[in-house]
Amino acid sequence: MPETNQQDNGRGLWYGFAAYGIWGLFPLFWPLLEPSAADDIVANRMVWSLVAVVLLLTAQRHWGWIRPLLRQPRRVAMLAGAAAVISVNWGVYIWGVNAGHVVETSLGYFINPLVTIGFGVLVLKERLRVAQWTAVGIGALAVAVLTVAYGRLPWIALTLALSFATYGLLKKTVGLSGVESLAAESAFMFPFALGYLIYLEVSGRGTFGHTVAGSYGWGHSGLLVLSGVITAIPLLFFGTAAVRVPLTVLGLLQYLAPVFQFLIGVAVFHESMPPARWAGFGLVWAALSLLTWDALRQVRADRAVRAAAVPRPASASAPVDVAEATVTR
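Residues numbered from 1 in each chain as written. Predicted model: local features only at pLDDT ≥ 70, side-chain atom pairs only at ≥ 80, totals over all residues. Heavy atoms only, no water.

(A) Inspection of the overall build of the protein chain at higher detail. If you tally the helices and strands in the protein chain, you get 13 helices and zero strands. Projecting the C-alpha coordinates of the protein chain onto the three principal axes gives extents of approximately 85 × 55 × 40 Å. Here the protein chain holds 329 residues, and 40% of them are scored as buried. When contacts within the protein chain are restricted to residue pairs at least 6 apart in sequence, long-range pairs at least 24 apart make up 82% of them. The distance from the centre of the 22 positive side-chain charges to the centre of the 15 negative ones in the protein chain is 8 Å. (Helix = DSSP H or I, 4+ residues; strand = E, 2+ residues; numbered from the N terminus. Buried < 20%, exposed > 50% of the residue type's maximum accessible area, 1.4 Å probe, protein only. Contact = heavy atoms within 4.5 Å. Lys, Arg positive; Asp, Glu negative; His and termini not counted. Charge placed at Lys NZ, Arg CZ, Asp CG, Glu CD.)

Right, here's the structure in full:
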């Protein structure tokens, strides 16, 4: 059994790397869809996401969750809200990447954990430890420093962080798996996205199904279809990882995506990083390091409390102790 669990954990870790790795490499994909505008790309992504997730659910024969969900109007309303919020997130993210703000989009996902903690206090009335309050304070200072560095409020990063934190809060309340949630959200977005694509087609701004000599061909339409597939696949990987690795490991893996995005922005797209921006990002990373240290310390403390609460037998022979140690190692 321990060997099986170890193999499961190892497999889950690779799935987690794959999920966050794909999300981190997204900035390399969206520019391939030019000359489509951000609104055209988002609408196509919404439509083809539903197609991809329906095929996935059909392959898994996993439809039993729909009927119970429809009997709960409150959860359905929350899913509609989640669909609206993630639409904003997708739109701002794709526009930001294609407009040359990859580093700022990575900042949004770096500060997202800090915003999520703020939501926990304001909405869920959670109580923070001193280290968490300190991290939030450092994050607020980082935003102030970056506002000076950019010469404006980093609205792309803040919009991404706020929208994704709101999305996470709604998803936590609804309690569906990643694939189920994407299916429901895509179903809500589908009629609006399809209607918008028809509008783009009628107005002559649509690119799907068109070829322009010297600009783009049928491969472009194939990439628009692929946008739905690459939305569904990392969610499937994430769901597989979530049931195989500890939550603390999954929490650490989430930083892979913004790290990859940041590196792509600096090393591939050569975005400007003057000293003041490095200082702001340094503060964000310091806050995240403090959060990570505090989370790991709390996990160890909780384990120690649980271990101390386990009753020990009054008399135990040496062989039993050795066997017990072998199982728990």
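So that's the structure; there's more coming.
(B) Region of interest: the nonpolar core. Grouped together as the largest cluster of nonpolar side chains are 47 residues, with contacts concentrated most on Trp30, Trp65, Trp90, Tyr93 and Ile94. Counting residues per element, the ones that place at least two in this core are helix 1 (2-29), helix 2 (38-60), helix 4 (73-98), helix 5 (102-122), helix 7 (155-174), helix 8 (178-203) and helix 9 (218-242). Grouped together as the second largest cluster of nonpolar side chains are 26 residues, Ile111, Leu128, Val143 and Leu146 included. (Core = buried A, V, L, I, M, F, W, Y, C linked by side-chain atoms within 4.5 Å.)

(C) Representation of unusual backbone geometry within the structure. Following Glu34, the chain continues into Pro35 via a peptide bond in cis, with omega recorded as 20°. Considering the arrangement of structural elements, one finds Pro35 in the loop between helix 1 and helix 2. One non-glycine residue, Arg61, lies in positive phi territory at about 50°. One can find Arg61 in the loop between helix 2 and helix 3 (66-70).

(D) Inspection of the packing of helix 5 against helix 6 (residues 130-150) at higher detail. Remark: helix 5 packs on helix 6, axes separated minimally by 10 Å, with the N-to-C direction vectors making an angle of 145°. Taken as a pair, helix 5 and helix 6 cross one another with a handedness that is left-handed. Counted together, Val103, Glu104, Leu107, Leu114, Ile117 and Val121 of helix 5 and Trp133, Ala135, Val136, Gly139, Leu146 and Tyr150 of helix 6 form the full contact between these two elements. When the residues that make up the contact of helix 5 with helix 6 are grouped by side-chain class, the tally is 10 nonpolar, one polar and one charged. (Axes fitted to C-alpha atoms, helices over the stretch in contact; angles between N-to-C directions. Left-handed = near helix turned anticlockwise from the far one by under 90°. Nonpolar A, V, L, I, M, F, W, Y, C, P; charged D, E, K, R; others polar.)

(E) Main features of helix 7. Between its first and last C-alpha atoms helix 7 spans 28 Å; for 20 residues at 1.5 Å apiece the expected length is 28 Å, and the two agree. Along helix 7, the residues that are buried comprise Ile156, Ala157, Leu158, Leu160, Ala161, Ser163, Ala165, Tyr167 and Val174. The inward-facing, buried residues of helix 7 contact helix 4, helix 5, helix 6 and helix 8. After helix 7 finishes, the residue Gly175 shows a positive phi value of roughly 75°. (Expected span 1.5 Å × (residues − 1).)

(F) Just a nonpolar patch on the surface, in detail. Together, Leu25, Leu28, Val259, Phe260, Leu263, Val268 and Phe269 give the surface a local cluster of nonpolar side chains, amounting to about 550 Å² of exposed area. For the nonpolar patch, the secondary-structure elements that each account for two or more residues are helix 1 and helix 11 (256-268). A total of four residues in the nonpolar patch trace back to one element, the largest contributor, which is helix 11. Mapped onto the elements of the fold, Phe269 is located in the loop between helix 11 and helix 12 (275-309). (Patch = residues over 30% accessible without salt bridge, like charges linked within 9 Å, V, L, I, M, F, W, Y side chains within 5 Å. Areas by Shrake-Rupley, 256 points an atom, 1.4 Å probe, with all protein chains shown as cover. Salt bridge = Lys/Arg side-chain N within 4 Å of Asp/Glu carboxyl O.)

(G) Geometry of helix 5. In this model helix 5 runs 30 Å from its N-terminal to its C-terminal C-alpha over 21 residues, within 8% of the 30 Å that 1.5 Å per residue would give. A bend of about 40° at Asn112 is the largest found in helix 5, and the proline Pro113 appears one to four places after it. (Bend = angle between axes of the 7 residues up to and from the residue.)

(H) Representation of the pattern of salt bridges within the structure. Evaluated as defined, the whole model comprises four salt bridges. Arg205 is the partner of Asp39 in a salt bridge, and the nearest nitrogen-oxygen pair spans 2.8 Å. Of the two residues, Asp39 is situated in helix 2 and Arg205 in the loop between helix 8 and helix 9; the sequence distance between them amounts to 166 residues.

(I) Representation of the packing of aromatic side chains in the model. Across all of its chains, the model carries 20 aromatic pairs by this definition. A ring pair is formed by Phe164 and Tyr167, whose centres lie 5.8 Å apart and whose planes are at 45°; its orientation type is tilted. Linking Phe164 with Tyr167, this pair stays in helix 7, spanning three residues, or about one helical turn. Look at Tyr167 and you get buried, because its relative accessible area is 10%. Grouping aromatic residues by their ring pairs yields a cluster made of Phe110, Phe262, Trp278, Phe281 and Trp285. (Phe/Tyr/Trp six-rings, centres within 6.5 Å; stacked < 30°, edge-to-face > 60°.)

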